[in-house]
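# Breakdown of the fold
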Amino acid sequence: MMIECNNLVLGYKDPLTEPFSLSIEDNKWLGIIGENGSGKSTFFRTILSEIKPLSGTIRIFDKTPGVFNRLISYIPQEREINLADKMTGFTLIKSCHSAWKYGFDCLNNKLNHRIYELAELVGATSYILQPFNNLSGGQKKKIFLAQALINKPKLLLLDEPLADLDTKSKHHFIQTLRDINAKQKIGLLMISHDMHEIASYLDAFIHLKKSKVHYCSELPCIKEDSYVGL
Amino acid sequence: MWAYNFMQHALISGILVSTICGIVSVLVVIRRSAFASHALGHMSLTGAAGAIFIGVNPLFGQLILNLIASTIMGIIGDKVKRNDLAVGVVLAFVLGLGSYFLFLFQNNYAGNVISILFGNILAVSTSQIYYLSILFMIVIIILGIFARQLIFASIDPSIANSKNIPIKKLSIVFFIILAITVSMACQIVGALLIFVMLIVPGAIALQWCDSIFKTIILSILVANLSLIFGLYFSFWLNLPVSFFITSSLCSMYLIGFIKNRLF
């Protein structure tokens, strides 16, 4: 089981949700929806063991959170990247490869080849060797996706991945996510307010509303909420 | 000029220090820790002042004080952006201690303290080379073990955290490396100009290179080139080595700056 929650309560000091239980099988593609502050990002942070649940239990790949973080790649909505002006997306992706290991990984032709393959997969080949800081928000998103795939994860956590993308890039990005999910057998959990074009591809939704969390496999279940762009 | 014993010592110790500074300065620039390296340089003065007073090698005083200060700085300021505040707090305390030492013993060792302030590479003894070699090996071993984690945690701290890479422990490791490097580099450029060796080689290399590995190699070359330039002109013109090291490094930085503006 990819994720299994039992009477889980999300929150920092105060609870954000009532106790909820759900099971998500491997290789599923789920959308997480809910208003701002309903606990969507907190759910991700709990999966990554960055914060502890207030009560209840959560298991990731049948282990306690944190044990298999190397199998999870997280793409937050915003983050600090300390790359110098000349450094490229290629450098960012390379630095992430097995970053938890000891030693120094400088000359690795197989790795370079894999980075170019990933750049092609996400559609970033034309600017993978350009200075990262000069790229647009959408281009950076694609580099982040390639970076997230470099360590061959089993689960991708995506926080608002479609923001900053123009229509063409959005279509390509969605197509790439479909390939990743179907061919590479990677489970996807995706927070988005923009489910308009993607809802039909998803296996199910996790719906956070008024402190309640429920798992819904049918679109009508969530259509009543005006903040979900369907 | 290389036949002179003191020049051979200067060259050997200079290469050891420049090589380490070349590597560490890349991390300093990426982690935006210029203030930390500057502050540790100042704190070295307090460590050296205390060591000279009790009759111990100033290098040990610098090293011990810097290691304590850097550990505290690493614990308080584990996030790359939060470091400045932690560094400032520790610096204020240690500088106060330094002024106290100077006040108490101002007649005893003005000459020694000045050599710590401005560096005195032309007076490096065989035993100092021995100590520098040990410190060089310690830094290389620590870097060899933690380089990959340290580089990624510096570039992309949020994702490093999500991968269970110990950000806080790495912050302490980085500051310990910095503390040892500062203690070594004080022998050459002195406490006041330490940040030149610990920032500028990395900053120059980053003007030209697009990968971490190339940047580190170029930074080492730049640091060593400025050292040899400094020793050469200092010998023939009888002016301070640190003046030539700093002016050559700043000139190289200026060239890169103009190149990046024009092209």
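Please refer to the structure higher up on the page.
Here the structure is a predicted model, which means the values were calculated and not measured.

### Thoughts on the overall build of chain B
- Across its full length, chain B holds eleven helices and zero strands.
- Over its C-alpha atoms chain B spans a radius of gyration of 18 Å, differing by no more than 12% from the 18 Å that the globule rule assigns to 263 residues.
- Across its three principal axes, chain B shows a C-alpha extent of roughly 55 × 45 × 30 Å.
- Taking all 263 residues of chain B together, the buried fraction comes to 51%.
- Considering only contacts within chain B whose residues lie at least 6 apart along the sequence, 74% involve residues at least 24 apart.

### A word on the overall build of chain A
- Along the backbone of chain A there are six helices and nine strands.
- Against the compact-globule benchmark of 17 Å for 230 residues, chain A has a radius of gyration of 18 Å, which places it among compact chains.
- Counting only C-alpha atoms and orienting by the principal axes, one finds that chain A spans roughly 50 × 40 × 30 Å.
- A burial count over chain A gives 39% of its 230 residues as buried.
- Relative to all contacts within chain A whose residues are 6 or more apart in sequence, the contacts with residues 24 or more apart total 68%.

### Details of the pairing of strand β1 (residues 3-9) of chain A
Residue and element names in this part refer to chain A.
- Relative to strand β2 (residues 20-24), β1 is paired through four bridges, and the arrangement is antiparallel. What sits directly across from Cys-5, in β2, is Leu-22.
- Sheet topology places β1 next to strand β4 (residues 55-60); five bridges connect them, and they run antiparallel. Bridge pairing in β4 places Val-9 opposite Ser-55.

### A few points about helix α5 (residues 167-182) of chain A
All names here are of chain A.
- Taking 1.5 Å per residue, 16 residues should reach 22 Å; α5 reaches 23 Å between its end C-alpha atoms and fits that length.
- Looking at α5, one finds that the buried residues are Lys-170, Phe-173, Leu-177 and Ile-180. Down the axis of α5, the sector holding all buried residues measures 85°, keeping them to one side. Turned more than 90 degrees off the buried face of α5, the exposed positions are Thr-167, Lys-168, His-171, Gln-175 and Ala-182.
- Summarising the contacts, the buried residues of α5 are in contact with β7 (187-191).

### Points about the pairing of strand β6 (residues 155-159) of chain A
Residues and elements named next belong to chain A.
- Counting buried positions over the five residues of β6 gives four, a clear majority of the element.
- Relative to β6, strand β5 (residues 72-75) runs parallel, the two being bridged by four bridges. The residue bridging Tyr-74 from the neighbouring strand is Leu-157, located in β6.
- In terms of handedness, the path from β6 via α5 over to β7 forms a crossover that is right-handed.

### Points about the sheet that holds β4 of chain A
Residue and element names in this part refer to chain A.
- Across the sheet, three strands lie side by side as β2-β1-β4; this open sheet has antiparallel pairing. With one partner strand each, in any of the chains shown, β2 and β4 form the two edges of the open sheet. Shown here is a sheet whose adjacent strand axes are inclined to one another by a mean of 10°, direction ignored.

### A closer look at the packing of helix α3 (residues 109-122) of chain A against helix α4 (residues 137-149) of chain A
Residues and elements named next belong to chain A.
- Closest axis-to-axis distance for the α3/α4 pair is 9 Å, and the angle between their directions is 130°. By the angle between their directions, the pair α3 and α4 is classed as oblique. Here α3 runs over α4; the crossing is right-handed. Listed contacts from α4 to Leu-118, Ala-119 and Val-122 of α3 are Lys-142, Leu-145, Ala-146 and Leu-149.

### A few points about the sheet that holds strand β8 (residues 204-209) of chain A
All names here are of chain A.
- Taken in spatial order, the six strands make up an open sheet running β5-β6-β7-β3-β8-β9, and their pairing is mixed. With one partner strand each, in any of the chains shown, β5 and β9 (212-216) form the two edges of the open sheet. Neighbour-to-neighbour, the strand axes of the sheet open up by a mean angle of 15°, direction not taken into account.
- The pairing of β6 with β7 spans five bridges and is parallel.

### Details of the interface of chain A and chain B
- Across the boundary between the two partners, chain A contributes 28 residues, which contact 33 residues of chain B.
- With four residues, the top contributor of residues to the side of chain A that touches chain B is helix α2 (residues 89-96) of chain A.
- Classifying every residue of the side of chain A that touches chain B by side-chain character gives 14 nonpolar, seven polar and seven charged.

### Quick look at the nonpolar core
- Core analysis: the largest hydrophobic core is formed by 148 residues, its most contacted members being Ala-146 and Leu-157 of chain A together with Ala-185, Ile-194 and Leu-198 of chain B.
- It is helix α1 (residues 5-30) of chain B that contributes the most residues to this core, twelve residues altogether.

### Considering unusual backbone geometry
All names here are of chain A.
- A positive phi angle is found at Lys-152, which is not glycine, with a value near 50°.
- For Lys-152, the location among the structural elements is in the loop between α4 and β6.
- You can call Lys-152 exposed: it has 11 C-beta atoms within 10 Å.
- A positive phi is found at Glu-160, a non-glycine position, where the angle reads about 50°.

### Things to note about helix α10 (residues 212-237) of chain B
- For α10 of chain B, which comprises 26 residues, the first-to-last C-alpha distance of 37 Å matches the rise-based estimate of 38 Å (1.5 Å per residue) to within 8%.
- Following α10 of chain B by one or two positions, Asn-238 of chain B has its phi on the positive side, about 55°.

### Quick word on the environment of Leu-165 of chain A
All names here are of chain A.
- Turning to its location among the elements, Leu-165 is positioned in the loop between β6 and α5.
- A residue is classified by how many C-beta atoms lie within 10 Å of it, and Leu-165, with 20 of them, is buried.
- For the pair Leu-165 and Lys-141, spaced 24 residues apart in sequence, the C-alpha to C-alpha distance is 8.2 Å.
- If sequence neighbours within four positions are ignored, Leu-165 has contacts with Gly-138, Lys-141, Lys-170 and Phe-173.

So, how was this worked out
Residues numbered from 1 in each chain as written. Chains lettered and ligands numbered in written order. Predicted model: local features only at pLDDT ≥ 70, side-chain atom pairs only at ≥ 80, totals over all residues. Helix = DSSP H or I, 4+ residues; strand = E, 2+ residues; numbered from the N terminus. Rg over C-alpha atoms; globule rule 2.2 N^0.38 Å. Buried ≥ 20, exposed ≤ 12 C-beta atoms within 10 Å, placed from the backbone. Contact = placed C-beta atoms within 7 Å. Pairing = 2+ DSSP bridges. Expected span 1.5 Å × (residues − 1). Arc of directions from axis to C-beta. Right-handed = clockwise from strand over helix to strand, strands pointing away. Axes fitted to C-alpha atoms, helices over the stretch in contact; angles between N-to-C directions. Parallel < 35°, antiparallel > 145°, perpendicular 65-115°, else oblique. Left-handed = near helix turned anticlockwise from the far one by under 90°. Nonpolar A, V, L, I, M, F, W, Y, C, P; charged D, E, K, R; others polar. Core = buried A, V, L, I, M, F, W, Y, C linked by C-beta atoms within 7 Å.

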